[in-house]
Amino acid sequence: MNLLSIYFHFRLSNHLNHVLNCRNRSIWASLWLAITTSTTVGYGDITPHTVLGKISAVFDMLVGIGLVGVITGNITALFSRRSPRNEHSLKKLHHENQAILKQNADLIKQNQAILNELKTLKNQLQNKRDDN
């Protein structure tokens, strides 16, 4: 994605140089502008002026982005890693949930039996009323 951004900025910068008739800008200046823009290091007061300095700066920018990515990935992996203690806790919670589900099923059966008994009593009461 970063390479696509560099390419886009390079093409835009090169196009603007031609549109604005900036004869003193080269393709390499456009590439430099694209890389510094896409890596968000900006322009700053101190910039390299030699080709070797610019190549070194581009290398530093890309390595810096990669280094931040690696560090961020490792920190994320630390937070998302499962520990044996967490595994034990998850198993314990699973067993507790299974016990609660079994209790709920038993309560549902008891409630159903009570409802059936109430229906029977209601029918008996209704029959006694009808007989009187």
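Residues numbered from 1 in each chain as written. Predicted model: local features only at pLDDT ≥ 70, side-chain atom pairs only at ≥ 80, totals over all residues. Heavy atoms only, no water.

Participant: Pulling in residues and values, what's your account of the overall build of the protein chain?
Facilitator: Tallying secondary structure elements over the protein chain gives four helices and zero strands in all. Along the protein chain, from the amino end to the carboxyl end, the secondary structure elements read α-α-α-α. Counting only residues that meet the buried cut, the protein chain has 12% of its 132 residues in that class. For the protein chain, restricting intrachain contacts to residue pairs at least 6 apart in sequence, the fraction spanning at least 24 positions comes to 47%. Carbon and sulfur atoms make up 63% of the accessible area of the protein chain, which totals about 11,600 Å². (Helix = DSSP H or I, 4+ residues; strand = E, 2+ residues; numbered from the N terminus. Buried < 20%, exposed > 50% of the residue type's maximum accessible area, 1.4 Å probe, protein only. Contact = heavy atoms within 4.5 Å. Areas by Shrake-Rupley, 256 points an atom, 1.4 Å probe, with all protein chains shown as cover.)

Participant: Describe the layout of surface pockets, naming the residues involved and giving the relevant values.
Facilitator: Put simply, the largest pocket is a space of about 210 Å³. If you trace the largest pocket, you find it lined by Ser26, Trp28, Ala29, Leu31, Trp32, Ile35, Val51, Lys54, Ile55 and Val58. Sorting the residues of the lining of the largest pocket by element identifies helix H2 (27-38) and helix H3 (51-80) as the ones contributing at least two each. Here the lining of the largest pocket takes five residues from H2, the largest share from any one element. Among the residues making up the lining of the largest pocket, the classes are represented as eight nonpolar, one polar and one charged. (1 Å grid on protein atoms, 1.4 Å probe; cavity = no way out; pocket = protein on both sides within 12 Å on 5 of 7 lines; lining within 4 Å. Points joined across faces, edges and corners; volume = space filled by probe spheres on them. Nonpolar A, V, L, I, M, F, W, Y, C, P; charged D, E, K, R; others polar.)

Participant: Break down the nonpolar core for me, with residues and values.
Facilitator: Of all hydrophobic cores here, the largest spans five residues; its members are Trp32, Ile35, Ala57, Val58 and Met61. Counting residues per element, the ones that place at least two in this core are H2 and H3. With three residues, H3 is the largest single contributor of residues to this core. Setting aside chain neighbours within four positions, we find Val58 in contact with Trp32 and Ile35. (Core = buried A, V, L, I, M, F, W, Y, C linked by side-chain atoms within 4.5 Å.)

Participant: With reference to specific residues and values, describe the pattern of salt bridges.
Facilitator: For the structure shown, the criterion picks out one salt bridge. Linking Asp106 and Lys102 is a salt bridge whose minimum nitrogen-to-oxygen distance equals 3.5 Å. Here Asp106 and its partner Lys102 are both found in helix H4 (residues 84-131), four residues apart, which amounts to about one turn of the helix. (Salt bridge = Lys/Arg side-chain N within 4 Å of Asp/Glu carboxyl O.)

Participant: I'd like to hear about the confidence of the model for the protein chain, residue by residue, with values.
Facilitator: When pLDDT is averaged across the protein chain, the result is 78; 72% of the residues are at 70 or more. Averaged pLDDT values for the elements of the protein chain fall to 62 in helix H1 (residues 2-19) and rise to 88 in H4. (pLDDT = per-residue confidence, 0-100.)

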